[in-house]
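Here is what each chain is made of, one letter per residue.
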Amino acid sequence: MLKILIYKEWAEVFKNRLVLFTVIFLPLLLGILPLVMLGTMGNVTGESSLNDIPPSALAMCPPALSAGECVQVYLLSQFVLMFMLIPLVIPVSIAAYSIVGEKRVRSLEPLLATPITTWELILAKALAAVIPAVVASWAAFLLFAIGGVAMAASPAVVRAFLHPMWLLAVVVGGPLLALLSVSLALMVSSRVNDPRVAEQLAGVVAVPLLALLFGQMSGFLVLNRNLVLVFLLVLALLDAVMLYFTVRVFDRENILTRWR
Amino acid sequence: MIHIRNLTKRFGDVLAVDDLTLDVAEGEIFGFLGPNGAGKTTTIRMLTALIAPTRGTAQVNGHTLGEDDRRIRQSVGLLTEAPGLYENLSAAYNLRVYAALYGVADAERQIQKYLSMLGLWERRDDPAGTFSKGMKQKLALARALLHEPPVLFLDEPTAALDPEAAHLVRDFIAELRREGRTIFLCTHNLTEAERLCDRVAVFRTRLLVVDTPINLRRGPFGRQVVFHLAEDAAPFVAPVRALPFVDACEAVENKLVLTLDDPEQYNPEIVRRLVALGADIRFVGELRRSLEDVYLRLVHAQNPDL
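Here's what I pulled together on the structure shown here. Starting from 1, residues in each chain are numbered consecutively following that chain's sequence as written. Chains and ligands are labelled by the order in which they are written, letters from A for the one and numbers from 1 for the other. Totals for whole chains, interfaces and linings use all residues, but because this is a predicted model, local features are given only for residues with pLDDT of at least 70 and pairs of side-chain atoms are given and counted only at 80 or more. In computing side-chain properties, one takes all heavy atoms of the structure into account and sets aside hydrogens as well as water.

### Some thoughts on a nonpolar patch on the surface
Next up, step 1: On the surface, Leu 20, Phe 21, Ile 24, Phe 25, Leu 28, Ile 32, Val 36 and Leu 143 of chain A cluster together into a nonpolar patch covering about 680 Å² of accessible area.
Next up, step 2: Under the DSSP-based scheme used, a helix requires at least four consecutive residues in state H or I and a strand at least two consecutive residues in state E, with every element numbered from the N terminus. In terms of residue count, helix α2 (residues 17-41) of chain A provides more of the nonpolar patch than any other element does, 7 residues in total. Here a patch means residues that are over 30% exposed by relative accessible area and free of salt bridges, tied together within 9 Å if like-charged and within 5 Å if nonpolar (Val, Leu, Ile, Met, Phe, Trp, Tyr). Surface accessibility in these figures is a Shrake-Rupley result with a 1.4 Å probe; residues are shielded only by whichever protein chains are displayed. A carboxyl oxygen of Asp or Glu within 4 Å of a side-chain nitrogen of Lys or Arg is what we treat as a salt bridge.

Listed below in C-alpha cells is the structure:
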C-alpha cells in the first residue's frame, strides 16, 4: 500500500516543474559550486589566507597539514554543512505541493474514505518527500566528494574533509533533517487554512542549521565528533516526537470540513 | 443495512444534522433529498466514518460507527460530490491506487471490469485530467465500486453532468440495484430520486419526511381530487368544505378542487352531496402532485423565508 501511494505522490508531484527544478538543480548547484570555488581559490595557499580562518577552526587543523592544506580543509568543511540544507529544502517543497495538489483536485476525501490509517497516510507522504531529497543530497555529496578528491592538494586534505564525522552528518543527519522538515510541513499544513503556508513555516527548521553554519564560518562554533553525535541524537529524538505529533494533529474532520 | 439513531452533528454553534433516526434496508436505493447546506454531505461523511457525530450512533453493514470505523470504510463505497481524481495519472493508475488501498485481490481484473462497464476501457491510459466531467464522474464511480462494497454512498452523482452523461450514470445506478447493493443517494434532482429510489427522505438539518415517492406525492399534504362541474363551482365551496373529512376546498372556474386523506372512501359521499345540491358532475379525477411540489412545500414549510 505504501509503495503505490509513494509512486502516486511522485507521479503527481514531479509533473510540477518547480518541484522538479528544486530536486535536480539545487543539489547539482550545491555539488558543483564548492568545486568551482575550490578551483578558483586553489592557488591561495599562503600564510595570508590562514589569517582568514577563525582561530578555533585553525586549531582543528591537523598539525601535519600545510597552511594551504588547512585552507582547503576549512573551505571544504564549510560546504559539507551545505549538503545538510538540501534534505531540508527539497522535501518541504514536495510535501507542501502534494498537499496543495490534494486540496486543488479535492482528492483527500475519497482517499480518507478508504481504510487507510493516518499513520500510513502520513508515512507515505513523508517518505515520498524524504526519499528524493535524500537521494538528491547523497548524489550531490558524491559529486562533491569525487571532485574534492580530484582537486584536493593532498591525501591528507581528502582524509580531513571526508572525515567519518562529516560522512555521518551527511549520510545520517540528512535523512533525519529531511524527516523533521517534512513532519513540520505536514503538521502545519493540517492546521492552517492555506497549506502553502506550511512551506514557509516549515522553513523554520532550517534556522538552527543555518545558525550552525554561520557559527562554524565565523569560528564561534566548531563542529567536532561529539557535537555531531549530539546533534544527530537530538535530531532522531525530535523526528520521533514530531512524527508522533504530526499523526496526532492530522485531524481528518477538520481538514475535510475546512478545505473548500 | 444502515441503521441511524439520533445522529447529530454540530460545528461550533452551527447545527448541521439534528437528531436523525432512519433505517435503510438491504438492497434498497434510498434517496436523501434536501437543499444545499441541508446537511446531506455531513450525514454521508458521518455514515462513511469520515467525521464523528456529536451525538447519536449508526450501524452500517453491521459495523458500529465510532467502534469499527475502519471496517465501515472497507465495506462502503463513496462517490464524493467532486470526483477528486489524480488528474496527472491515467484512469487505470487512479484505480490501481485505490485497489491497493482497499486491498482488492484481483485488481487488474476489477479495473478492467468497471472501466469496460462504464465505457472507459479504451481511455484507460489517458490522464484523468483530459476526461470530460461525465467521464471523470464515471471514473470516480468505478473507483467507489472496485472493492465490491455492499453499501454505496453517492453524493450528487449527476450534478454538473450534461443530460446524456447524467442519463448514463442513472442507468448504471439502476444496474447496481439489480446487483442487490444498498445505495444511499444524496441528490436534489427530484426526477432522479423519483425514477431511481425505493424510498426518499426530505431532509433539512432534521428529517422532514420519509416515504416512497408515490406515497410522498399523495401525502403528507393530502390527495387532491378535482370535480369537473357543468356550472360555476363557487356556490358549492362552502357546503362541501363543511364536510368533516374535507381538508380543503376551492373553486377554479367550473372545477372544485378538494384535499382529502382518502378519496376512495369519501368520493362517493361528496358526489352524493354535490348532486343533492344540484351540481351537474361531468368528471372526477385525482390531481397528482409532483415530488417537486411536495419537496418545495416541505422545505418551505420549515423555512418560509426561502
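Back to the write-up after that little detour.
### Description of the nonpolar core
Generally speaking, a soluble globular protein has its nonpolar side chains buried in company with each other.
Next up, step 1: For the purposes of this section, nonpolar cores are sets of buried Ala, Val, Leu, Ile, Met, Phe, Trp, Tyr and Cys residues that join through side-chain atoms within 4.5 Å. Between buried and exposed lies partly exposed: a residue is buried under 20% and exposed over 50% of the maximum accessible area for its type, with that area taken using a 1.4 Å probe on protein chains only. The biggest cluster of nonpolar side chains holds 158 residues, and the ones touching the most others in it are Phe 144 of chain A together with Ile 2, Phe 32, Leu 47, Leu 139, Phe 153 and Phe 184 of chain B.
Next up, step 2: For this core, the element with the most residues is helix α10 (residues 164-189) of chain A, which contributes 14 residues.
Next up, step 3: The contact criterion used is simple: two residues touch if any of their non-hydrogen atoms lie within 4.5 Å. Residues within four places of Phe 144 of chain A in sequence aside, it is in contact with Gly 31, Pro 34, Leu 35, Leu 76, Phe 79, Val 80, Phe 83 and Phe 161 of chain A.
Next up, step 4: Of all hydrophobic cores here, the second largest spans 17 residues; its members include Val 225, Val 240, Leu 243 and Ile 270 of chain B.

### A word on the interface of chain A and chain B
Next up, step 1: Opposite the 26 residues of chain A that make contact, chain B presents 27 residues.
Next up, step 2: Polar contact is the term for a pair of N or O atoms within 3.5 Å; when the atoms are in protein, one must be able to donate a hydrogen and the other to accept it, and sequence-neighboring residues count only if both atoms are side-chain atoms. Here chain A and chain B share 7 residue pairs in polar contact (both at pLDDT 80 or more) between them.
Next up, step 3: Counting only elements with at least two residues in the side of chain A that touches chain B, the list comes to α1 (2-13), α6 (86-105), α7 (108-112) and α14 (252-258) of chain A.
Next up, step 4: Residue polarity follows a fixed list, in which Ala, Val, Leu, Ile, Met, Phe, Trp, Tyr, Cys and Pro are nonpolar, Asp, Glu, Lys and Arg are charged, and the others, Gly among them, are polar. For the side of chain A that touches chain B, the class distribution of residues is 13 nonpolar, 4 polar and 9 charged.

### What to know about unusual backbone geometry
Residues and elements named next belong to chain B.
Next up, step 1: Here the phi dihedral of Asp 19 falls at roughly 55 degrees; this positive angle occurs in a residue that is not glycine.
Next up, step 2: Topologically, Asp 19 is positioned in strand β2 (residues 14-24).
Next up, step 3: What makes Asp 19 partly exposed here is its relative accessible area of 36%.
Next up, step 4: The phi dihedral of Thr 205 falls on the positive side, at around 65 degrees, and the residue is not glycine.

### Side note on helix α13 (residues 225-249) of chain A
Next up, step 1: If you check α13 of chain A, its first and last C-alpha atoms are 36 Å apart, about what 25 residues at 1.5 Å a residue would give, namely 36 Å.
Next up, step 2: Taken as a whole, α13 of chain A has its buried residues at Val 228, Leu 232, Leu 235, Asp 239, Met 242, Leu 243, Thr 246 and Val 247 of chain A. Expected helix span is given by 1.5 Å per residue-to-residue step, counting one fewer step than there are residues.

### Examining the pattern of salt bridges
Two side chains of opposite charge can pair, provided their charged atoms sit close to one another.
All names here are of chain B.
Next up, step 1: Within this structure, the stated rule accounts for 21 salt bridges over all chains.
Next up, step 2: When the shortest N-O distance is used, the salt bridge between Glu 148 and Lys 113 registers 2.7 Å. Of this pair, Glu 148 sits in the loop between α5 (133-145) and β7 (151-155) while Lys 113 is found in helix α4 (residues 107-117), placing the two residues 35 residues apart along the sequence.
Next up, step 3: A salt bridge links Arg 181 to Glu 179; the nearest nitrogen and oxygen atoms lie 2.8 Å apart.

### Things to note about the sheet that holds strand β12 (residues 246-252) of chain B
All names here are of chain B.
Next up, step 1: The pairing criterion for strands is at least two bridges between them, as found by DSSP. Taken together, 4 strands build an open sheet; the order of strands is β12-β13-β11-β14 and the sheet is antiparallel. Because the sheet does not close on itself, it has two edges, and the strands there are β12 and β14 (281-287). Shown here is a sheet whose adjacent strand axes are inclined to one another by a mean of 20 degrees, direction ignored.
Next up, step 2: Pairing of β12 with strand β13 (residues 255-260), which is carried by 6 bridges, proceeds in the antiparallel orientation. Looking across to β13, one finds that Val 252 is bridged to Lys 255.
Next up, step 3: As a rule, the C-alpha atoms of each element are fitted with a line to give its axis, helices using only the stretch in contact, and angles between N-to-C directions run from 0 to 180 degrees. Across the sheet, helix α10 (residues 263-276) touches β11 (223-229), β12, β13 and β14, and the angle it forms with β11 is around 25 degrees.

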